[in-house]
Amino acid sequence: EAGVAQSPRYKIIEKRQSVAFWCNPISGHATLYWYQQILGQGPKLLIQFQNNGVVDDSQLPKDRFSAERLKGVDSTLKIQPAKLEDSAVYLCASSLGGTGVRETQYFGPGTRLLVL
Amino acid sequence: AQSVTQLDSQVPVFEEAPVELRCNYSSSVSVYLFWYVQYPNQGLQLLLKYLSGSTLVKGINGFEAEFNKSQTSFHLRKPSVHISDTAEYFCAVTQGDSSYKLIFGSGTRLLVRP
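In this text the structure is predicted, and so the values were computed from the model without any measurement. (Residues numbered from 1 in each chain as written. Chains lettered and ligands numbered in written order. Predicted model: local features only at pLDDT ≥ 70, side-chain atom pairs only at ≥ 80, totals over all residues. Heavy atoms only, no water.)

Participant: How would you sum up the sheet that holds strand β3 (residues 19–24) of chain A? Please name residues and give values.
Facilitator: All names here are of chain A. Strand order across the open sheet formed by four strands is β1-β3-β8-β7, with antiparallel pairing between neighbours. Whereas interior strands pair on both sides, the edge strands pair on one side only; in this sheet they are β1 (5–7) and β7 (65–68). Taken pair by pair, the neighbouring strands of this sheet meet at an average axis angle of 15°, ignoring direction. (Pairing = 2+ DSSP bridges. Helix = DSSP H or I, 4+ residues; strand = E, 2+ residues; numbered from the N terminus. Axes fitted to C-alpha atoms, helices over the stretch in contact; angles between N-to-C directions.)

Participant: Can you break down a nonpolar patch on the surface residue by residue, with the values?
Facilitator: A contiguous nonpolar surface patch, about 300 Å² in accessible area, is contributed by I12, L114 and L116 of chain A. Using a relative accessible area of 54% as the deciding quantity, one classes L116 of chain A as exposed. (Patch = residues over 30% accessible without salt bridge, like charges linked within 9 Å, V, L, I, M, F, W, Y side chains within 5 Å. Areas by Shrake-Rupley, 256 points an atom, 1.4 Å probe, with all protein chains shown as cover. Salt bridge = Lys/Arg side-chain N within 4 Å of Asp/Glu carboxyl O. Buried < 20%, exposed > 50% of the residue type's maximum accessible area, 1.4 Å probe, protein only.)

Participant: Quick one: what's the story with the pairing of strand β11 (residues 111–115) of chain A, residue by residue and with numbers?
Facilitator: Residues and elements named next belong to chain A. Side chains of β11 alternate between two faces, with T111, L113 and V115 buried and R112 and L114 left unburied. Taken together, the four bridges between strand β2 (residues 10–13) and β11 define a ladder with parallel strand orientation. From the neighbouring strand, K11 faces β11, where its bridge partner is L113. Examined bridge by bridge, strand β9 (residues 88–95) and β11 share three bridges and lie antiparallel to one another. Bridged to Y90 within β11 is T111.

Participant: Give me the lowdown on the state of the cysteines, citing residues and values where you can.
Facilitator: Counted by the stated rule, this structure contains two disulfides over all chains. At a sulfur-sulfur separation of 1.9 Å, the disulfide partner of C23 of chain A is C92 of chain A. Taking the torsion about the sulfur-sulfur bond, which here is approximately -70°, the covalent link between C23 of chain A and C92 of chain A counts as left-handed. Of this pair, C23 of chain A sits in strand β3 while C92 of chain A is found in strand β9, placing the two residues 69 residues apart along the sequence. Taken as a pair, C23 of chain A and C92 of chain A share a single burial class, namely buried. The disulfide partner of C23 of chain B is C91 of chain B, and the S-S distance across this bridge is 2.0 Å. Given an S-S torsion of about -65°, the disulfide between C23 of chain B and C91 of chain B has left-handed geometry. Note that C23 of chain B is positioned in the loop between β3 (19–21) and β4 (24–26) and C91 of chain B in strand β10 (residues 87–94), a separation of 68 residues in sequence. Since its relative accessible area comes to 0%, C23 of chain B is described here as buried. With a relative accessible area of 0%, C91 of chain B lands in the buried category. (Disulfide = S-S within 2.5 Å.)

Participant: Describe the layout of surface pockets, with residues and values.
Facilitator: Considered as a void within the structure, the largest pocket measures approximately 550 Å³ in volume. Lining the largest pocket we find 29 residues, and of these Q37, L39, V89 and R112 of chain A together with Q38 of chain B sit closest to its centre. Going through the elements one at a time, β9 and β11 of chain A together with β10 of chain B are the ones with two or more residues in the lining of the largest pocket. At four residues, β11 of chain A tops the list of elements feeding residues into the lining of the largest pocket. Here the residues of the lining of the largest pocket sort into 13 nonpolar, twelve polar and four charged. (1 Å grid on protein atoms, 1.4 Å probe; cavity = no way out; pocket = protein on both sides within 12 Å on 5 of 7 lines; lining within 4 Å. Points joined across faces, edges and corners; volume = space filled by probe spheres on them. Nonpolar A, V, L, I, M, F, W, Y, C, P; charged D, E, K, R; others polar.)

This is the structure in structure tokens:
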């Protein structure tokens with residue numbers, strides 16, 4: 001079974017530019033997560049989707065970050081405009097069913113963003 | 001809000017030696033606890049989880065962890081490590097609300113030396 005796919009793997013941009021990341025979850029997985037992992041820290045949840053609806057986006061900086069999950073499958077995370085502090089690895093994860101604690105989250109390899 | 005503390009940022013150990021990676025959490029309610037491993041340039045992989053029942057949880061790759069409610073700890077152990085165990089290890093706890101959001105610690109880098 002194919003895992004969670006993410007692209008691009010690496011991205012370098014200048015501050016105030018825009019950037020977008022793409023995630024393709026495991027086939028059939030209803031729940032999709034975007035995490036931000038800053039160097040030296042653990043991942044922090046940015047947004048969680050159940051199918052194409054948002055379950056939790058309380059830690060998403062909505063003035064510059066946006067995310068969508070059209071048709072309940074692929075998802076895109078966008079940053080506009082980027083700041084230096086957005087430099088991080090952006091991880092996408094998916095789980096099979098609902099948001100219950102027994103649902104194992106499967107992580108993609110991440111997109112490493114460097115903002116200069 | 002719940003939090004997770006991993007006191008050791010890096011743990012060096014020789015191959016075939018035992019290892020313990022420490023994790024403490026803050027919570028006054030029932031919790032669910034997890035350990036994830038992250039190999040270089042890869043995403044996180046679930047090692048093991050405690051949901052209920054036996055306090056000793058066995059996971060993949062020979063790892064185990066013990067839930068200690070009185071000490072609010074969930075330390076990860078392996079009796080004999082291999083070079084291939086070199087990776088970043090993250091402890092996580094759920095926030096306990098309906099979304100079961102994972103709260104991660106800052107990670108411990110396990111460095112296994114020959």
